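# Summary of structural features
Below are the chains, spelled out letter by letter.
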Amino acid sequence: MKKLQDLGSALIDLLEQVEQPLEPVLAEMESTGIRIDIQYLNSLSSELRETLESIEKKTYEAAGVEFNLSSPKQLGEILFEKLRLDRRKSRRTKTGWSTDVSVLEKLELDHPVVALVIEHRMLSKLRSTYVDTLPKLVEKETGRVHTDFNQAVTATGRLSSSNPNLQNIPIRTEFSRRIRKAFLPKKDWKLLSADYSQIELRILAHLSGEELLQEAFRNGDDVHALTARLLLDKDDISLEERRLGKTINFGVIYGMGAQRFARSTGVTKSEAKEFLSRFKLRYPKIFSFLELQERLALSKGFVETLLGRRRFFHFDRNGLGRLLGKDPYEIDLDLARRGGLEAQQLRAAANAPIQGSSADIIKVAMVQLQEMLKLANLPANLLLQVHDELVLEVDPNFLTEVKALVIRTMQQAFSLDVPLVVDIGVGNNWMEAK
DNA sequence: CATATCACG
DNA sequence: ACGTACGTGATATGG
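Attention in this report is confined to the structure presented alongside it. (Residues numbered from 1 in each chain as written. Chains lettered and ligands numbered in written order. Predicted model: local features only at pLDDT ≥ 70, side-chain atom pairs only at ≥ 80, totals over all residues. Heavy atoms only, no water.)

### Concerning the overall build of chain A
What counts here: To qualify as a helix, a DSSP run of H or I must reach at least 4 residues; to qualify as a strand, a run of E must reach at least 2; elements of each kind are numbered from the N terminus. Throughout, radius of gyration means the C-alpha value; the globule benchmark is 2.2 Å times the number of residues raised to the power 0.38. With a 1.4 Å probe rolled over the protein chains alone, any residue whose accessible area is under 20% of its type maximum counts as buried; one over 50% counts as exposed, and the rest are partly exposed. Contact definition: two residues touch when any of their heavy atoms are within 4.5 Å.
Secondary structure assignment for chain A yields 18 helices and 11 strands. Against the 2.2 N^0.38 benchmark of 22 Å for 434 residues, chain A shows a C-alpha radius of gyration of 24 Å, consistent with a compact globule. With respect to the principal axes defined by its C-alpha atoms, chain A has extents near 65 × 60 × 50 Å. Sorting the 434 residues of chain A into buried and exposed places 49% on the buried side. Taking the intrachain contacts of chain A between residues at least 6 apart in sequence as the baseline, contacts between residues at least 24 apart amount to 64%.

Dropping the structure here:
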């Protein structure tokens, strides 16, 4: 406590008003657990076993040799030595040639074996990490799995989840969504999923004061389409172009460079540079805000979230550490970003207030929501938090009431200069609820 | 136990 | 000249 007091009252408040009240909420979520359909997962596992065996056979036929598909080392040797595929599409790792999915996608049209490997990779990952693992962790008496929500692990203030990690349950592919069907509410209850819509971009709009973005959120506009319109300088935007806007909106939060932007959208590097500089021109306050965070990390040694949560940085005393105590606006950022490790730390500094403020807000919402559920004696249990999403199980007779309470509590957890919007879904399992 | 890979926000 | 997307946790391989 003494140490915290020295750091100011915001951190005392954060501790006493948010983190400490959150602890029993997390404890109850862990203890409640979430119900899992073991039989369903077992049948998925059998189906996967057959599919994987069939892919393996075809792979060995196409490659002309049998090998361990789960060994990146062996796969690299097959692809780049035996089959002599284009090594320029891969890169060196400490142990050989990279065979990660971005490499495989570049090689996909060069040899029939590659598509098989991609399919196998995805399905075997899902089987070993989720389909075969979750049933073993189900408590026999309750039919539920109980994760650990770690409150003091991350650098940004987010929670993490482990044993098992229930914050990375698959959703992005067709087969993934079938895994979500295994997550059930209490018998005869409903599963409810409520997530903040674009909370990090809204926080960025708030913290930066960028009027164009704020106005868009206030009007309920499609901000990815807006960004696409600003970058392409035209009114009508295709779905493809909107995707471009979305990539750059998210990329900026992480400090994405032109190369990565080009690679993940398919535009050329010079087009990517053009887009990034137009973005800077159209949303100048976003960039000055992000740069200010980098300057603060250097001059004060930390950056802060909405609730005063701090992420500290420790730069080499013989290098960037010398900038400690200097006027943030006198720091030459281009110079500071010179080193690879330092540049990464500075991107992390720019990102931390955004990611961390999002964590602040959902934590406040969780404490308030749990309090309201208890006060009103509502038959509903908080089960999971997935960074911008809360999952509950609810007695269907009280759905209308609980839905309204969840939305109101999450949206009012913190007042920003832009609205917080919550999307909600209800179903008989986690897939249906999304 | 290090490494590569990949699941999520 | 070049690079650079933030934050997590789990799995299989191979030494």
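### Quick look at the side chain of Ser98
The line we're drawing: Throughout this description, a polar contact denotes any pair of N or O atoms lying within 3.5 Å of each other; where both atoms belong to protein, one of them has to be capable of donating a hydrogen while the other can accept it, and for residues adjacent in sequence the pair is counted only when both atoms sit in side chains.
Relative to the helices and strands, Ser98 resides in the loop between α4 (72–82) and α5 (101–107). Reaching out from Ser98, the side chain makes a polar contact with the backbone nitrogen of Asp100 at a distance of 3.4 Å. Those residues within four positions of Ser98 in sequence are excluded, and the remaining contacts are Phe80, Ser90, Arg91, Thr93 and Val103.

### Observations concerning the protein's contact with DNA strand C
Cut-off, in case you're wondering: The rule for a residue being near a molecule or strand is that one of its heavy atoms must lie within 4 Å of it.
In the vicinity of DNA strand C lie 35 residues, with Ser71, Ser160, Tyr254, Arg260 and Arg347 positioned nearest. Backbone atoms, meaning sugar and phosphate, form 74% of the atoms of DNA strand C found within 4 Å of the protein. A distance of 2.9 Å separates a phosphate oxygen of DNA strand C from a polar atom in the side chain of Asn68. One nitrogen or oxygen atom from the side chain of Gln355 is found 3.1 Å from a sugar or linking oxygen belonging to DNA strand C. Elements represented by at least two residues in the surface near DNA strand C include exactly α6 (112–131), β4 (160–162), α11 (239–254), α12 (258–265) and α16 (340–375). Top contributing element to the surface near DNA strand C by residue count: α16, with five residues.

### Examining the protein's contact with DNA strand B
The condition that has to hold: Side-chain classes are defined by residue name, with Ala, Val, Leu, Ile, Met, Phe, Trp, Tyr, Cys and Pro counting as nonpolar, Asp, Glu, Lys and Arg as charged, and the others, Gly among them, as polar.
Not every one of the 24 residues close to DNA strand B is listed here, only the nearest: Lys94, Thr99, Ile171, Arg172 and Asp388. Of what DNA strand B places within 4 Å of the protein, 78% of the atoms are sugar or phosphate. Between DNA strand B and the protein, one listed contact pairs a phosphate oxygen with a side-chain N or O atom of Ser98 at 3.3 Å. Here the surface near DNA strand B gets five residues from one element, more than from any other, and that element is α6. Considered class by class, the residues forming the surface near DNA strand B number nine nonpolar, eight polar and seven charged.

### Considering unusual backbone geometry
Here the residue pair Asn163 and Pro164 is connected by a cis peptide bond, since its omega of 0° sits within 30 degrees of zero. Turning to its location among the elements, Pro164 is positioned in the loop between β4 and α7 (174–180). For Asp188, which is not a glycine, the phi torsion comes out positive at approximately 70°. Tracing the backbone through its elements, the reader meets Asp188 in the loop between β5 (183–184) and β6 (190–196).

### A short note on the pattern of salt bridges
Side-chain pairs of opposite charge can arise where the charged atoms are in close proximity. Definition in use: Any Lys or Arg side-chain nitrogen found within 4 Å of a carboxyl oxygen on Asp or Glu counts as a salt bridge.
Evaluation of the coordinates by the stated rule reveals 25 salt bridges. Close ionic contact of Glu200 with Arg158 constitutes a salt bridge, the shortest N to O distance being 3.7 Å. Of the two residues, Glu200 is situated in helix α8 (residues 199–208) and Arg158 in the loop between β3 (148–150) and β4; the sequence distance between them amounts to 42 residues. Owing to a relative accessible area of 12%, Glu200 belongs among the buried residues under this scheme. Overall, the relative accessible area of 26% leaves Arg158 in the partly exposed class. Close ionic contact of Asp334 with Arg337 constitutes a salt bridge, the shortest N to O distance being 3.6 Å. With relative accessibility at 60%, the residue Asp334 sits in the exposed group. Residue classification places Arg337 among the partly exposed residues on the basis of a relative accessible area of 29%. Residues joined in a network through salt bridges with shared partners are Glu19, Arg309, Asp360 and Lys363.

### Description of the layout of surface pockets
With a probe scaled to a water molecule rolled over the atoms, the places where space remains empty come into view. Put simply, the test is: Cavities and pockets are found on a 1 Å grid laid over the protein atoms alone: a cavity is a set of points where a 1.4 Å probe fits but cannot escape, a pocket is an open set with protein on both sides within 12 Å along at least five of seven lines, and a lining residue has an atom within 4 Å of such a point. Grid points are joined across faces, edges and corners, and a volume is the space filled by probe spheres set on the points.
When its volume is computed, the largest pocket comes out at roughly 1,100 Å³. At the level of secondary structure, the elements contributing two or more residues to the lining of the largest pocket comprise α6, α7, β6, α8, α11 and α16. Among the elements that line the lining of the largest pocket, the one with the most residues is α6, at four residues. A class-by-class count of the residues in the lining of the largest pocket yields 12 nonpolar, eight polar and 11 charged.

### So, the packing of aromatic side chains
Stated precisely, the cut-off is as follows: Two rings belonging to Phe, Tyr or Trp (six-membered ring only in the last case) form a pair when the distance between their centres is within 6.5 Å. Interplanar angles under 30 degrees mark stacking, angles over 60 mark edge-to-face geometry, and anything in between is tilted. Only when the NZ atom of a Lys or the CZ atom of an Arg is both within 6 Å of the ring centre and within 35 degrees of the ring normal do we say a charge sits over the ring.
Under the counting rule described, the total for this entry stands at eight aromatic pairs. Between Phe80 and Trp97, the ring centres sit 5.8 Å apart and the planes meet at 45°, which makes this aromatic pair tilted. With Phe80 in helix α4 and Trp97 in the loop between α4 and α5, the pair connects residues that are 17 residues apart, well separated along the chain. Each member of the pair Phe80 and Trp97 is classed as buried. An angle of 70° between the planes, with centres 5.3 Å apart, marks the rings of Phe183 and Trp430 as edge-to-face. With Phe183 in strand β5 and Trp430 in helix α18 (residues 430–433), this pair connects stretches of sequence that are 247 residues apart. These aromatic residues form a ring-pair network of at least three members: Phe279, Tyr283 and Phe287. Geometry around Trp97 places Arg92 over its ring, the cationic atom sitting 4.6 Å from the centre.

### Focus on empty space enclosed by the protein
Here the structure, examined in full by the defined rule, presents one cavity of 30 Å³ or more. In this structure, the largest cavity is lined by Met29, Gly33, Ile34, Val145, His146, Thr147, Leu166, Leu383 and Leu384. Residue composition of the lining of the largest cavity, by class: six nonpolar, three polar and no charged.

### Quick notes on the sheet that holds strand β1 (residues 34–36)
This is how the line gets drawn: Paired strands are those between which DSSP finds at least two bridges.
The sheet built from three strands is open, its strands ordered β2-β1-β5 with antiparallel pairing. Two strands close off the open sheet at either side, each with one partner strand: β2 (144–145) and β5. The pairing of β1 with β2 spans two bridges and is antiparallel. Across the sheet, residue Arg35 finds its bridge partner in β2, namely Arg144.

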